[in-house]
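In case you want the letters, here they are:
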Amino acid sequence: MKGAVLYGPRDVRFEERESPKIVEPADAVIRISLTCVCGSDLWPYRGISPVAEPTPMGHEYCGIVEEVGKAVKSVRPGQFVIGSFATSDNTCPNCQYGYQSSCMHREFMTRAQAPMLRVPLADGTLVATPEVPPADLIPSLLTLSDVLGTGWFAAVAADVQPGKTVVVVGDGAVGLLGVLAARQLGAERVIAMSRHPARQQLAREFGATDIVTERGADGVARIKELTKGVGADAVLECVGTQESMMQAIQATRPGGSVGYVGVPHGVELNGEDLFYTHVRLHGGPAPVRRFLPELIELVWSGKINPGKVFDLTLPRR
Ligand SMILES: [Zn+2]
């Protein structure tokens, strides 16, 4: 089979690789229906994170179970499944506490940008849909594997509640789905910080009530203006730079929370400054597995259509 391999900055090759097989009894092998590029793939692609050796790419996936190992009980061949970018047994203390992306037996997935994929810990990682979905539902189901799961976690980590005012920093796919998540969780006002007209449009479709185009100190000033000088109850940080993190913390009201899911690149916080903000920080790699059953239901019933974030589709080869 052929799969995507990153060799270095802007050097992606689609090349022959060995087809995956069952290695451990808890494994499944799935035939990928759809996969995509993650924002976190862009750091090595742009040369900001070094690439030490040719690296198979891809950790967002869904597809049909082809084969399962002897120990697998919860999924079977022929089912359509979605898994997280992090594997989990879903039984250890961290999993039971809802932090499956900190599973004691976690592996980060890679190699999903290929026709076939081996998924370790299949029982604790994969969730099957009620039936094999129609083709038009598959892009939305794919987003549950990472991008919507991550935006959702940002909203949960920021403690979005009914009636609250939420700010979303970052208008990439995660930020846009953070807007969707905030609305689903009942936020009354969702302020999207975005400079791109097409993304502003989608943010509005997903439920943004306000758009702020300013950034940095000007962006924070604008949020303060919109919240009577107080700041937002909940802020979703979906970028991972020093500027976006500071923008998020400073846009939050004392006692409010920042949910941060942008993989930090060079972010440094000053303890004393943080102390006086009275802001709660919670984030990390999203425990996507926690949210999969609920999010599958929302997509399946047509209540949300997160697949709209995809703006380029490439043919199967
Ligand atoms: Zn675990």
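Residues numbered from 1 in each chain as written. Predicted model: local features only at pLDDT ≥ 70, side-chain atom pairs only at ≥ 80, totals over all residues. Heavy atoms only, no water.

Caption draft 1: Structural detail: the sheet that holds strand S8 (residues 126-128). Taken together, five strands build an open sheet; the order of strands is S7-S3-S5-S6-S8 and the sheet is antiparallel. At either margin of the open sheet sits one strand with a lone partner, and together these are strand S7 (116-119) and S8. When the angles between neighbouring strand axes are averaged without regard to direction, this sheet yields 45°. Of the strand pairs in this sheet, strand S6 (residues 80-83) and S8 are connected by three bridges, and their pairing is antiparallel. Looking at S8, one finds that Ile82 is bridged to Val127. In the packing of helix H11 (residues 288-300) onto the sheet, the strands contacted are S6 and S8, and the crossing angle to S8 comes to about 15°. (Pairing = 2+ DSSP bridges. Helix = DSSP H or I, 4+ residues; strand = E, 2+ residues; numbered from the N terminus. Axes fitted to C-alpha atoms, helices over the stretch in contact; angles between N-to-C directions. Contact = heavy atoms within 4.5 Å.)

Caption draft 2: Examining the packing of helix H8 (residues 216-226) against helix H9 (residues 242-250) more closely. Orientation of H8 relative to H9, taken along the N-to-C sense of each, is 20°, at an axis distance of 9 Å. Here H9 runs roughly parallel to H8, going by the angle between their axes. As H8 packs across H9, the resulting crossing turns out to be right-handed. For the pair formed by H8 and H9, the contact residues are Gly216, Val220 and Lys224 on the first element and Glu243, Gln247 and Gln250 on the second. Here the residues of the contact of H8 with H9 are counted per class, giving one nonpolar, three polar and two charged. (Parallel < 35°, antiparallel > 145°, perpendicular 65-115°, else oblique. Left-handed = near helix turned anticlockwise from the far one by under 90°. Nonpolar A, V, L, I, M, F, W, Y, C, P; charged D, E, K, R; others polar.)

Caption draft 3: Molecular detail of the nonpolar core. Formed by 52 residues in total, the largest nonpolar core has its most connected members in Leu144 and Leu236. In this structure Leu236 touches Gly151, Ala154, Ala155, Ala158, Val160, Val166, Val167, Val168, Val169, Gly178 and Gly259, once residues within four positions along its chain are discounted. One finds Val167, Val212, Leu226 and Met245 within the second-largest nonpolar core, a separate group that totals 15 residues. (Core = buried A, V, L, I, M, F, W, Y, C linked by side-chain atoms within 4.5 Å. Buried < 20%, exposed > 50% of the residue type's maximum accessible area, 1.4 Å probe, protein only.)

Caption draft 4: The pairing of strand S14 (residues 280-283), seen in detail. Here four bridges tie strand S13 (residues 252-260) to S14, and the two strands are oriented parallel to one another. Bridge pairing in S14 links Ser257 to Arg280. Since S13 and S14 lie parallel, the crossover through helix H10 (residues 271-277) that links them has a hand, and here it is right-handed. (Right-handed = clockwise from strand over helix to strand, strands pointing away.)

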